[in-house]
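Summary of structural features
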Amino acid sequence: NRWLRCKSLPPGALERIADTVADRVRVPWFAGAVKINVSLVPPLVLLPVFLHVAALHFLLGLVILTSLPVVVLWYYYLTHRRKERTLFFLSLGLFSLGYMYYVFLQEVVPQGHVGYSQVVALTCGLILMLAALSRAKKDPGYLPIPASDEKSSHQGLPNNSFRGSSNGLHGITTSGAASGRAVNGEAKGYSRMSAEEPEGVKKDWCTKCQLVRPARAGHCRLCGRCVRRLDHHCVWINSCVGEQNHQAFILALSFFMLTSVYGITLTLHTVCRGRTPFVALFYCPGAYSDYSSALSFTCVWYCAIVTAGMGYILLIQLLNISYNVTEREARLALRDNTGRRLLGGLVIDTGQYNRGFLCNWGHFLSLGSSPPQRSAEDVV
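Not measured: the values here are computed from a predicted model.

Let's shift gears to the overall build of the chain. A tally of regular secondary structure across the chain gives twelve helices and ten strands. A burial count over the chain gives 41% of its 380 residues as buried. Contacts spanning at least 24 positions in sequence make up 58% of the contacts within the chain whose residues lie at least 6 apart. Of the roughly 20,800 Å² of accessible surface on the chain, 63% is carried by carbon and sulfur atoms.

Given below as C-alpha cells:
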C-alpha cells in the first residue's frame, strides 16, 4: 500500500517481508512441511535460464556473461557486510558443476569427437574434486567450547574485566584493550595476554567463545567459533578454512582447476575443430551455427570465467603457504602496517612464521597429522 502511494517504508519493513517469505517457502513432506533455504533456489533456476538465453546470440552472451560475475560479487559484498551466512555460493558452485557436466554429456559427447577414456578421465576428476570438497566441509579445527558451568562462571565476572568491540575479540590485561574495527572477523584493538607460554608464544582470550586461543587461532564472526590456524571463511564451501581442512581445500581447488581446464579443452576441440583451445576461446566462427554448439560454447566461456576466479584464489593460497602466512594474518598485517608486500602485492610476508620455502611447505603438509596438545591454560 505504501509502495503504491509512493510513501517510504518503515525501517526494517523489507527485512521482515523477506523473513516472512523465507519462512513460508516450504515443501510438503511426510513428517511435516520442510523449510527450504531461499538462497539455494536462485542458482537452480537462473543459471540454466541465463545460459540458454546467452546461447541465442553473441551479443546476449556477451551481456549475460559480463553481468553474472558483477551480480555474484555484489551479492558477496552484501552478505559480507551484513555478516550473514548463505548457501547461495555453495549451491551455485555445485549446481554449476552438475549442469556443465550434463551439457558436456548431452551436447558435446554425442558429436563423436570425445573418446570413452576422456569421458572417464573427466568423470574421475569430478569425483575426486567432490571427495576433496566433502573433506574440506568437515571440521576445520574448531576449538572446544568450554562447559556451560565454566561459561557461566566467566560470564559472571565484572564487566570491567573485558572491553567490548564490534565482534568481541579481546585479550585480558590489567588496563583493558581498546575496541576497534573488525577485519575478517578479528577486532582491531584486541590485546595479548600478559602471561606467555614456555615456548614464548602468547595466547589470546576470546570473550565470545570464553576460551584461551592458541597462537594463529582466530574467531570467525560468521561461524561464531574459534578455529585453529584460521585462514579465512570461504563462502564457496560455507565453512572456515583452518588447520584440519586447509589441505583438503587446496586439493579441491587443484582438482577443480585440472578438471575444468580439461573439460574446456575437450569442448573447444569439438566445437571449434582445427584451432588451439586458446585461439578457439576468442575466435570460433562456427560456434553459433546451431543452438547445440552455441550452448556448448557459452558454457565454455562460463567455465573459463569461473576457472579464472578460482585460479586466482588458488594462486594466492599457494603463495601464502610458501611464505607460511594465513589470509587472516595477511589482512591483520595490512591493517597494522606490519607486513611486506611481495610479488606485486599478491602476498603479504609477516616474517613471523616464515622459515623458508621447503620448511614452510613441510609445515603445511604436516597440518592435522597429530592431535593438538591442550595446555593447562586451555583447560582452565
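Below, the discussion takes up the UniProt feature "transmembrane region" (unreviewed entry) in the chain. Here, UniProt's "transmembrane region" (unreviewed entry) annotation points to residues 49-75, 87-104, 116-133, 248-271 and 291-315. For residues 49-75, the end-to-end C-alpha separation is 19 Å, with 89% helix and 0% strand making up the annotated structure. As annotated, residues 248-271 has a helix share of 100% and a strand share of 0%, and its two end C-alpha atoms lie 34 Å apart.

Within the structure shown, the criterion is met by one disulfide. Shown here is the disulfide that connects Cys-272 with Cys-284, its sulfur atoms set 1.6 Å apart. Between Cys-272 and Cys-284, the disulfide has an S-S torsion of -110 degrees and is therefore left-handed. Of this pair, Cys-272 sits in the loop between α7 (246-271) and α8 (277-282) while Cys-284 is found in the loop between α8 and α9 (291-322), placing the two residues twelve residues apart along the sequence. In terms of burial, Cys-272 and Cys-284 fall into one category: buried. There is no disulfide at Cys-220, and the cysteine sulfur nearest it, in Cys-240, is 3.3 Å away.

A separate point is the confidence of the model for the chain. Looking at the chain, the pLDDT average stands at 81 and 82% of residues meet or exceed 70. Segment residues 149-201: pLDDT under 50, and 111 contacts once partners within four positions in sequence are set aside and those in other chains are kept.

With their axes 8 Å apart at the nearest point, helix α2 (residues 41-54) and α9 run at an angle of 120 degrees to one another. Relative to α9, the element α2 lies oblique. Crossing handedness for the pair α2 and α9: right-handed. Touching Leu-47, Leu-51, His-52 and Ala-54 of α2 are Tyr-291, Leu-295, Thr-298, Cys-299 and Tyr-302, all from α9. Across the contact of α2 with α9, the residue classes break down as seven nonpolar, two polar and no charged.

What follows concerns α9. Here α9 is 32 residues long and its end C-alpha atoms lie 46 Å apart, about the 46 Å a rise of 1.5 Å per residue gives. Sitting at the head of α9, Asp-290 places a side-chain oxygen 3.2 Å from the backbone nitrogen of Ser-292. Trailing α9 by a residue or two, Asn-324 shows a phi angle of about 55 degrees, which is positive.

The next point concerns the packing of aromatic side chains. Using the criterion set out here, one finds 14 aromatic pairs in the structure. Between Tyr-75 and Phe-89 the ring centres are 5.7 Å apart and the planes differ by 40 degrees, which places this aromatic pair in the tilted class. Of the two residues, Tyr-75 sits in helix α3 (residues 58-82) while Phe-89 sits in helix α4 (residues 88-108), which places them 14 residues apart along the sequence. With a relative accessible area of 22%, Tyr-75 lands in the partly exposed category. With 5.9 Å between their ring centres and 25 degrees between their planes, Phe-95 and Tyr-99 make a pair best called stacked. Of the two residues, Phe-95 and Tyr-99 are both situated in helix α4; the distance of four residues between them amounts to about one turn of the helix.

On to a nonpolar patch on the surface. Residues Leu-40, Val-41, Leu-44, Val-45, Leu-46, Val-49, Phe-50, Val-53, Leu-56, Leu-60 and Tyr-291 make up a contiguous nonpolar surface patch of roughly 860 Å² in combined accessible area. Top contributing element to the nonpolar patch by residue count: α2, with seven residues. Take Val-49: it is sitting in helix α2.

Nonpolar side chains tend toward joint burial in soluble globular proteins. With 31 residues, the main nonpolar core has Leu-51, Met-100, Leu-268 and Tyr-302 as its most contacted residues. Residue assignment for this core shows that the elements contributing at least two residues are α2, α3, α4, α7, α8 and α9. Tallying contributions element by element places α9 first for this core, with eight residues. Contact partners of Met-100, with chain neighbours within four places excluded, come to Leu-51, Cys-299, Tyr-302 and Cys-303. Membership of the second largest hydrophobic core comes to 21 residues, among which are Leu-133, Ala-136, Ile-237 and Met-257.

Overall, the coordinates contain four salt bridges when judged by the stated rule. The residue Asp-336 makes a salt bridge to Arg-335 at a minimum N-O spacing of 3.0 Å. Among the residues examined, Asp-336 registers a relative accessible area of 38% and is labelled partly exposed. Judged by its relative accessible area of 18%, Arg-335 falls in the buried class.

Positionally, Gln-317 belongs in helix α9. Under the relative-accessibility criterion, Gln-317 is labelled buried at 3%. In this structure the side chain of Gln-317 is engaged in a polar contact, spanning 2.7 Å, whose partner is the side chain of His-246. Here Gln-317 is in contact with Asp-231, His-232, His-246, Phe-249 and Ile-250, once residues within four sequence places are set aside.

Conventions adopted
Residues numbered from 1 in each chain as written. Predicted model: local features only at pLDDT ≥ 70, side-chain atom pairs only at ≥ 80, totals over all residues. Heavy atoms only, no water. Helix = DSSP H or I, 4+ residues; strand = E, 2+ residues; numbered from the N terminus. Buried < 20%, exposed > 50% of the residue type's maximum accessible area, 1.4 Å probe, protein only. Contact = heavy atoms within 4.5 Å. Areas by Shrake-Rupley, 256 points an atom, 1.4 Å probe, with all protein chains shown as cover. UniProt positions renumbered as here; feature names shortened; annotations may be inferred. Disulfide = S-S within 2.5 Å. pLDDT = per-residue confidence, 0-100. Axes fitted to C-alpha atoms, helices over the stretch in contact; angles between N-to-C directions. Parallel < 35°, antiparallel > 145°, perpendicular 65-115°, else oblique. Left-handed = near helix turned anticlockwise from the far one by under 90°. Nonpolar A, V, L, I, M, F, W, Y, C, P; charged D, E, K, R; others polar. Expected span 1.5 Å × (residues − 1). Polar contact = N/O pair within 3.5 Å; in protein donor to acceptor, adjacent residues only side chain to side chain. Phe/Tyr/Trp six-rings, centres within 6.5 Å; stacked < 30°, edge-to-face > 60°. Patch = residues over 30% accessible without salt bridge, like charges linked within 9 Å, V, L, I, M, F, W, Y side chains within 5 Å. Salt bridge = Lys/Arg side-chain N within 4 Å of Asp/Glu carboxyl O. Core = buried A, V, L, I, M, F, W, Y, C linked by side-chain atoms within 4.5 Å.

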